[in-house]
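Residue-level structural notes
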Amino acid sequence: MAEVKTTREVVMNRAAIAAVFVALIVMLTPIYWIASTAFKPRSLATTAPPTVFFEPTLTPFAKLFVRRSQMREPVDQETYDAAPWWEQLIYDDGESVVRNRRSGEITPSGYWDRYKNSLIISIISTFLAVSMGTLTAYGFSRFKVKGENDWLFFILSTRMLPPVVVAIPMFLMYRAVGLHDTHLGLIILYTAFNLSFSVWIMKGFIDEIPREYEEAALVDGYTRLQAFIKIVLPEALTGIAATAVFCFIIAWNEYAFALMMTNRNAQTAPPYIPSQVGSGLPDWSVIAAGAFLFLLPVAIFTFLLRNHLLRGMSFGAIRK
Amino acid sequence: MARVEFKNVTKRFGGTRALKDLTLTVEDGEFFVLLGRTGAGKTTALRSIAGLEKPEEGSVLIDGVDVGDWTAAERDVALVLQQYSLYPRLTVRGNLEFPLRPKGRRMSEDEIARRVERAANTLQITHLLDRKVERLSGGEMQRVSIGRAIVREPRVFLMDEPLSALDAKLRESLRVELKALHHELGATFLFVTHDQVEAMSMGDKIGVLRSGRLVQVGTPSDIYERPANTFVARSVGSPPMNLIEGTLSGSAANLNGISLPVAIGMAGGAGPLTFGVRPEAMVLEQGAPGEARVFDIEDQGVIKILSLDFGETRLHATVPAGTHVKRDEIVRFGWKPEKVLTFDRNTGRNLAFA
Ligand SMILES: Nc1ncnc2c1ncn2[C@@H]1O[C@H](COP(=O)(O)OP(=O)(O)O)[C@@H](O)[C@H]1O
Ligand SMILES: [Mg+2]
């Protein structure tokens, strides 16, 4: 039977679609702005009104990864022709690549190192938070734990304090124990930060898995650990994926502690990117290129896990 | 194959005692049915044997050995549940192989294939082997669950209401198959149910459980004909046993002003009694002492089941299908004296049990 819609319903429907559309524009504009600026030559990055149609260029990305200096006089044709394409792009913008005086090697900018730090720290801390969280949640879900509710509340309460409040004492402690500006330092910090979240979300998911499945495996001759790996983990995959995405996003985007706890060796991308605004006239298209690349991992990670996430977002509803 | 024993087992969950001083023996090769209502402790009893619950007191023995400290894996029993006993991610074959694949078992692939094949043949699920579990009907699922239990050739089969989620037809045919399977394997079965028809039709022996306590153990006919108390009398039989309050004087029962004969030497005494008589031991005939009003008639083809109002008491009587009665008709009834039981009205105990 065809559904008959009243005029009122039709109007409401259209209004809802329009509202979603407006919301989308509001949310996607900054992303569009970053992405388009990242492909603009420097001269077009700050025009007013903004340039909408332009020939995209990779110059900002070429610049992003190397140290450069302003050229006083144009480069001679012979050097220009001998240079690789990305170096020519930089020459075109009136800058030259800084090279080591003796070896002639190019000097990289700090971007790639910071990016690598971000990846290492986010991935490891996410892995730790999710795996520890899953095991803890399993324990709370399946065994009688004395004072279970108090423990769970305590775990949650670690998130009630705004992290910035403890920033100074943390800074001093990290200095004292030598964790300042180390990868390990940030990994510990982010793991601790995400753990409570991970425990709570995973407990919800594991509670939903009928314990009969594991118990059947136990009776069938499997050990508790084998039953956990063979039965619980596959069933909890959706929850694990959802939790991992959240933890990764939080670790990847974290700014305040990264700014305070690191300066060179273990610095992540978030505090580094704005620091490049500092000297001279900011090169907005290079900053946009840095920000654009920074957006990619979260987007890719989320995209890869999208099937799990869609089901995972309806927390716990794993079975049809 | 094995004998299973409970010795004074008590299991607590916080304030509630799910099993109270339970003592019970299931003999080797027996089909034992534990009958009880929801919450009676049936599941808890099974889980205690499987090693999924640890009783606070008493011990569970398998073949005379106290298995209190054994893990579930070591006990070598199989458990079939009402639901959730198949892994949704695996195919039927995967599910049947699963119990054969724990690291400790070290079974060869040939042996695994052979056993799966045989179990599938026995249960007629060979055509389902490569199907995903979620595509099975309820009856097929329970067949596979039973298959999962038999591939391992365990010492004891524990079944927790495996048929109660199925529709009546299927339940009946699986009942027959399970009995046949038991016969073929000769293994010890402990089967749990709240359905008295299931219990009566399947059990070699029945144990009636009430609030964690064992009320009576016996063969189906023991339980049916000599219930230990009014609880058991009401629990088995459909319609249940008629229970009528009255007193005994000599060889006559005084019920609400009428007098019916009882067997000579009937246990009773002078105190308040409850008389018990099965519907099929009720007799409707002209001139019988009792008088009742027909409340309802259920025609079952071969017989009719009448509901009768005798004063405040609702009675049931089964009569041949040819009997002509109408609703609200007044009929006269008696009973077969040798079939009458007497219970203590206060304790409910069957007075024939010394
Ligand atoms: N895990 C548990 N926690 C608390 N109470 C329980 C638990 N399992 C069973 N019980 C209680 O024990 C009693 C017996 O339960 P159960 O063995 O499941 O009965 P049955 O299987 O006969 O329906 C019930 O009162 C039930 O509420
Ligand atoms: Mg139960």
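Residues numbered from 1 in each chain as written. Chains lettered and ligands numbered in written order. Predicted model: local features only at pLDDT ≥ 70, side-chain atom pairs only at ≥ 80, totals over all residues. Heavy atoms only, no water.

1. As for the overall build of chain A
Defined as follows: The helix count covers DSSP runs of H or I at least four residues long, the strand count covers runs of E at least two residues long, and both are numbered beginning at the N terminus. We compute the radius of gyration over the C-alpha atoms and compare it with the globule rule, which gives 2.2 Å times the number of residues raised to the power 0.38. Buried means the residue's accessible area, taken with a 1.4 Å probe over protein chains only, is under 20% of the maximum for its type, while exposed means over 50%, and partly exposed covers the values in between. Only heavy atoms enter the contact rule, under which two residues are in contact if any of them lie within 4.5 Å. Per-residue and other accessible areas follow the Shrake-Rupley method at a 1.4 Å probe size, with only the shown protein chains counted as cover for residues. Counting rule for charge: Lys and Arg are taken as positive, Asp and Glu as negative, and neither His nor the chain ends is counted. Every charge is mapped to an atom, namely NZ of Lys, CZ of Arg, CG of Asp or CD of Glu.
Helix and strand content of chain A: 15 helices and two strands. Rg of the C-alpha trace for chain A: 26 Å, well past the compact-globule value of 20 Å for 320 residues, more than 25% over. Counting only C-alpha atoms and orienting by the principal axes, one finds that chain A spans roughly 80 × 70 × 40 Å. Expressed as a percentage of its 320 residues, the buried residues of chain A come to 39%. Of all intrachain contacts in chain A linking residues separated by at least 6 positions in sequence, the fraction that spans at least 24 positions is 75%. With an accessible surface of roughly 18700 Å², chain A has 68% of that area assigned to carbon and sulfur atoms. Across chain A, 28 positive and 25 negative side-chain charges occur, with their mean positions spaced 6 Å apart.

2. Considerations on the sheet that holds strand β13 (residues 258-261) of chain B
Residues and elements named next belong to chain B. Counted only if it meets this: The pairing criterion is simple: DSSP has to find at least two bridges between the two strands. Axis definition: a line fitted to C-alpha atoms, over the contacting stretch in the case of helices. Angles run 0 to 180 degrees between N-to-C directions.
Sheet architecture is open: five strands sit in the order β13-β12-β11-β14-β20, paired in antiparallel fashion. Each edge of the open sheet is held by one strand with a lone partner, namely β13 and β20 (341-344). Strand after strand, the sheet turns through a mean of 45° between neighbouring axes, direction not considered. Looking at chain direction, strand β11 (residues 242-249) and strand β14 (residues 273-277) are connected through five bridges and run antiparallel. What sits directly across from Gly-246, in β14, is Leu-273.

3. Details of the packing of helix α9 (residues 183-208) of chain A against helix α11 (residues 224-253) of chain A
Residue and element names in this part refer to chain A. Note the cut-off: The labels follow the angle: roughly parallel below 35 degrees, roughly antiparallel above 145, roughly perpendicular from 65 to 115, and oblique for the rest. What makes a crossing left-handed is the near helix being turned counterclockwise from the far one by less than a right angle; a clockwise turn instead makes it right-handed.
One can describe the packing of α9 onto α11 by two numbers: an axis separation of 10 Å at closest approach and a directional angle of 155°. Here α11 runs roughly antiparallel to α9, going by the angle between their axes. The two elements α9 and α11 meet at a crossing, and its hand is right-handed. Residue-level inspection shows Tyr-190, Phe-193, Asn-194, Phe-197, Ser-198, Ile-201, Met-202 and Phe-205 of α9 in contact with α11, the latter providing Ala-236, Thr-238, Gly-239, Ile-240, Thr-243, Phe-246, Cys-247, Ile-250 and Ala-251.

4. Quick word on the site of ligand 1
Residue and element names in this part refer to chain B. Going by this rule: Nearness of a residue to a molecule or strand requires only that one of the residue's heavy atoms be within 4 Å of it. By the criterion applied in these results, polar contacts are pairs of N or O atoms within 3.5 Å in which, for protein atoms, one can donate a hydrogen and the other can accept it, and in which residues neighboring in sequence qualify only through two side-chain atoms. The residue classification treats Ala, Val, Leu, Ile, Met, Phe, Trp, Tyr, Cys and Pro as nonpolar and Asp, Glu, Lys and Arg as charged. All others, Gly included, are polar.
Lining the immediate environment of ligand 1, one finds Phe-13, Ala-18, Arg-37, Thr-38, Gly-39, Ala-40, Gly-41, Lys-42, Thr-43 and Thr-44. In this structure, an oxygen atom belonging to ligand 1 sits 2.6 Å away from a main-chain N or O atom of Gly-39. At 2.8 Å, a backbone N or O of Lys-42 approaches an oxygen atom of ligand 1. By residue number, the principal contributor to the shell around ligand 1 is helix α1 (residues 42-50), which donates three residues. In terms of residue class, the shell around ligand 1 is made up of three nonpolar, five polar and two charged.

5. Description of the domain arrangement of chain A
Inclusion rule: All domain edges in this entry derive from an automatic or database-based domain assignment.
Under the domain assignment, chain A is made up of domain 1 (66-97) and domain 2 (111-318). Taken over C-alpha atoms, the centre of domain 1 of chain A sits 43 Å from the centre of domain 2 of chain A.

6. Comments concerning unusual backbone geometry
In this chain, Ala-48 of chain A is followed by Pro-49 of chain A through a cis amide linkage whose omega measures -5°. Examined against the element boundaries, Pro-49 of chain A turns out to sit in the loop between α2 (42-45) and α3 (59-64). With an omega of 0°, the peptide bond running from Ser-238 of chain B to Pro-239 of chain B counts as cis. Position of Pro-239 of chain B among the secondary structure elements: in the loop between α9 (230-235) and β11. Although it is not a glycine, Glu-153 of chain B sits at a positive phi angle of roughly 55°. Mapped onto the elements of the fold, Glu-153 of chain B is located in the loop between α5 (138-150) and β7 (156-160).

7. Concerning the nonpolar core
Our working rule: To define a nonpolar core, start from buried Ala, Val, Leu, Ile, Met, Phe, Trp, Tyr and Cys residues and group those joined through side-chain atoms within 4.5 Å.
One finds Phe-6, Leu-34, Ile-49, Leu-79, Leu-158 and Leu-190 of chain B to be the most contacted residues of the largest nonpolar core, which totals 53 residues. At eight residues, the largest contribution of residues to this core is made by α11 of chain A. Aside from chain neighbours lying at most four places away, what touches Phe-6 of chain B is Leu-22, Thr-23, Leu-24, Ala-45, Ser-48, Ile-49, Ser-59 and Val-60 of chain B. The next biggest cluster of nonpolar side chains, apart from the first, holds 42 residues, and it includes Ile-112, Val-116, Val-133 and Leu-166 of chain B.

8. A short note on the side chain of Asn-350 of chain B
Residue and element names in this part refer to chain B. Checked against the element boundaries, Asn-350 lands in the segment after β20. The exposure class assigned to Asn-350 is buried, which follows from its relative accessible area of 1%. In this structure the side chain of Asn-350 is engaged in a polar contact, spanning 2.8 Å, whose partner is the backbone oxygen of Pro-227. Residue contacts for Asn-350: discarding those within four places in its chain leaves Arg-226, Pro-227, Ala-228, Asn-229, Leu-341, Thr-342 and Phe-343.

9. Points about the confidence of the model for chain B
Heads up, the rule is: For every residue, the predictor reports its confidence as pLDDT, a number between 0 and 100.
This prediction gives chain B a mean pLDDT of 92; 99% of its residues lie at or above 70. Predicted complex, confidence summary: ipTM 0.83, pTM 0.81.

10. Re the interface of chain A and chain B
Heads up, the rule is: Reported buried area values correspond to the accessible surface (1.4 Å probe) lost by two parts on association, with both partners' losses combined. By definition, a salt bridge exists where a carboxyl oxygen of Asp or Glu is found within 4 Å of a side-chain nitrogen of Lys or Arg.
Listed per partner, the contact involves 18 residues of chain A and 23 residues of chain B. Overall, the association of chain A and chain B removes approximately 1900 Å² of surface from exposure, summing both partners, and the carbon and sulfur fraction of that is 56%. Taken as a group, Tyr-213, Val-219 and Asp-220 of chain A account for 34% of the area that chain A buries against chain B, more than any other trio of residues on that side. Summed over the shared surface of chain A and chain B, the result is four salt bridges. Across the pair Arg-152 of chain B and Asp-220 of chain A runs a salt bridge, and its minimum N-O distance is 3.0 Å. On the surface where chain A and chain B come into contact, there are eleven residue pairs in polar contact (both at pLDDT 80 or more). Among the elements of the structure, α10 (211-219) and α11 of chain A are those that each provide at least two residues to the side of chain A that touches chain B.

11. Comments concerning the sheet that holds strand β15 (residues 282-284) of chain B
Residues and elements named next belong to chain B. Spatial ordering of the open sheet is given by β15-β19-β16-β17-β18, a layout of five strands whose pairing is antiparallel. Looking at strand neighbours, the two that pair on one side only are β15 and β18 (313-320), the edges of this open sheet. Adjacent strand axes in the sheet meet at a mean angle of 45° when their direction is disregarded. Note: strand β16 (residues 290-299) against strand β17 (residues 303-310), six bridges, orientation antiparallel. In the strand pairing of β17, Val-294 is matched with Leu-308.

12. A word on the pattern of salt bridges
If you walk through the whole model with that rule in mind, you get 35 salt bridges over all chains. Here Arg-42 of chain A makes a salt bridge to Glu-95 of chain A, at a shortest N to O gap of 3.4 Å. Highlighted residues: Arg-42 of chain A in helix α2 and Glu-95 of chain A in strand β2 (residues 95-97), separated in sequence by 53 residues. Among the residues examined, Arg-42 of chain A registers a relative accessible area of 27% and is labelled partly exposed. For the salt bridge of Lys-63 of chain A with Asp-283 of chain A, the shortest nitrogen-to-oxygen distance reads 3.1 Å. Linking Lys-63 of chain A in helix α3 with Asp-283 of chain A in the loop between α13 (269-275) and α14 (284-304), this pair joins segments that are 220 residues apart in sequence. The class for Lys-63 of chain A is buried, based on a relative accessible area of 2%. If you follow the salt bridges from partner to partner, you end up with Glu-215 of chain A together with Lys-11, Arg-47, Glu-53 and Glu-56 of chain B in one network.

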